[in-house]
Amino acid sequence: MRLILLGPPGAGKGTQAKMLKEKFRVPQISTGDILRQAVKDDTELGVQAKAFMDSGQLVPDDVVIGLIEERIKQADCETGFILDGFPRTIIQAEKLAETLTEMNIAIDTVVDMEVNAEEVVSRLTGRSTCSDCGVMFHEESRPPKVPGVCDGCGGHLAQRQDDNRETILKRLEVYQESTSPLKEFYKKQGNLKTVAAGGSVEEIFSRVCEMVR
Ligand code: AP5
């Protein structure tokens with residue numbers, strides 16, 4: 001399975017990717033997670049990316065393209081992968097297509113997750129993530145048993161730096177301008193499938209599974 005999850009911030013790409021990864025036993029590759037880890041570790045990449053991420057802008061194409069090229073060539077991607085948050089621009093999509101052609105492989109399905117802006121703001125302002133194991137919670141749809149504490153590992157739950165209303169609106173604007181043209185790009189290639197990403201996590205998961213099996 002070689003899958004791309006496309007959709008605005010808060011569409012539930014990360015949530016669905018984690019469930020798909022378990023079901024289909026292929027790695028989830030999230031450029032957002034890779035970049036956030038680099039920021040946390042204070043690496044050169046993290047220093048380069050932080051200001052873009054905090055302001056809701058995209059990190060430059062050459063930086064993320066390099067990351068992905070290296071990652072999909074690793075042995076655990078031989079049986080497939082789920083791209084979560086990549087590509088996000090036409091240049092990234094074109095570069096990905098070139099790399100996959102060189103590797104003699106192709107993307108099977110691009111799932112476009114559609115959700116409205118109001119729902120996005122509510123999902124993201126209520127999100128918290130475990131700083132230790134990365135599990136996500138939401139104050140209404142998936143509250144932790146003890147506020148601020150991860151149900152699974154007891155780690156500290158933190159809000160993402162870019163999950164404030166102002167930055168969320170900026171991220172939505174950037175999505176419309178730079179990422180939504182990818183729908184047309186993949187439609188032309190014949191592998192775009194659109195899923196309504198409203199409703200419960202489980203309902204959306206069964207819709208996505210129908211599309212990718
Ligand atoms: P990234 O980490 O990719 O963030 P994003 O695309 O903005 O997406 P999110 O992670 O916010 O949302 P999601 O769709 O994964 O939703 P989730 O499942 O978490 O990117 C962050 C930044 O990194 C970018 O702004 C950019 O600067 C940089 N970057 C990353 N990739 C890049 C690239 N390729 N090029 C350039 N720059 C790049 O769910 C959200 C919340 O909703 C959670 O609390 C969850 O529990 C809840 N939820 C999920 N589903 C449901 C549901 N069905 N009902 C109710 N609540 C739900």
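Scroll up to find the structure this text is about.
Residues numbered from 1 in each chain as written. Predicted model: local features only at pLDDT ≥ 70, side-chain atom pairs only at ≥ 80, totals over all residues. Heavy atoms only, no water.

I tried to follow the packing of aromatic side chains on my own but got confused; where do I start?
Ring pairs (aromatic) are described by centroid distance and by the angle formed between their planes. A complete count under the given rule lists one aromatic pair for this structure. Each ring, one from Phe185 and one from Tyr186, has its centre 5.0 Å from the other, and the planes form 80°; the classification is edge-to-face. The burial state of Phe185 is the same as that of Tyr186; both residues are buried. We note Lys23 situated over the ring of Phe24; from NZ or CZ to the ring centre the distance is 5.7 Å. (Phe/Tyr/Trp six-rings, centres within 6.5 Å; stacked < 30°, edge-to-face > 60°. Buried < 20%, exposed > 50% of the residue type's maximum accessible area, 1.4 Å probe, protein only. Lys NZ or Arg CZ within 6 Å of the ring centre and 35° of its normal.)

How do you make sense of the sheet that holds strand E5 (residues 127–130) when you look at a structure like this?
Hydrogen bonding along the main chain pairs the strands of a sheet, whether they run parallel or antiparallel. Here three strands make up an open sheet; going across it, the order is E6-E5-E7 and the pairing antiparallel. A strand with exactly one partner marks an edge of an open sheet, and here the two such strands are strand E6 (136–138) and strand E7 (157–158). Alignment of E5 against E6, held across three bridges, turns out to be antiparallel. Its bridge partner lying in E6, Arg127 is registered against His138. (Pairing = 2+ DSSP bridges. Helix = DSSP H or I, 4+ residues; strand = E, 2+ residues; numbered from the N terminus.)

Help me understand helix H8 (residues 181–189) in this model?
Note that an α-helix has 3.6 residues per turn; residues three or four places apart therefore point the same way. All of the buried residues in H8 are Leu182, Phe185 and Tyr186. Each buried residue of H8 lies within a common arc of 85° when the element is viewed along its axis, so the set occupies one face. Opposite the buried face of H8, at more than 90 degrees from it, the exposed residues are Lys187 and Lys188. Buried residues in H8 make contact with strand E1 (2–6), helix H5 (90–102), strand E4 (109–114), helix H7 (165–179) and strand E8 (192–196). Positive backbone phi, approximately 80°, marks Gly190, located one or two places after H8. (Arc of directions from axis to C-beta. Contact = heavy atoms within 4.5 Å.)

When you look at the nonpolar core in this model, what are you seeing that I'm missing?
Side chains of nonpolar character tend, in soluble globular proteins, to be buried together. By size, the foremost hydrophobic cluster in this structure holds 28 residues, and its most contacted members are Leu35, Ile72, Phe81, Leu83, Leu96 and Tyr186. Every element with two or more residues in this core is listed here: E1, helix H2 (31–40), helix H3 (44–54), helix H4 (61–72), strand E3 (81–84), H5 and H8. Of all the elements, H4 adds the most residues to this core, at six residues. Every residue in contact with Ile72, bar those within four places of it in the chain, is listed here: Ile29, Cys77, Phe81, Leu83, Leu96, Thr99, Leu100 and Met103. Residues Leu5, Val120, Val121 and Leu172 belong to the second largest nonpolar core, which totals 23 residues. (Core = buried A, V, L, I, M, F, W, Y, C linked by side-chain atoms within 4.5 Å.)

Any chance you could explain the site of the ligand here in plain terms?
Neighbouring residues of the ligand: 35 residues in total, closest Thr15, Gln57, Arg88, Arg127 and Arg171. Interatomic distance of 2.9 Å between a backbone N/O atom of Gly85 and a nitrogen atom of the ligand. Interatomic distance of 2.9 Å between a side-chain N/O atom of Gln92 and a nitrogen atom of the ligand. Protein contacts shield 95% of the accessible area of the ligand, which totals 1,000 Å² for the unbound molecule. Those elements that provide at least two residues to the shell around the ligand are helix H1 (13–24), H2, helix H6 (117–125), E6 and helix H9 (201–212). (Near = heavy atom within 4 Å. Polar contact = N/O pair within 3.5 Å; in protein donor to acceptor, adjacent residues only side chain to side chain. Areas by Shrake-Rupley, 256 points an atom, 1.4 Å probe, with all protein chains shown as cover.)

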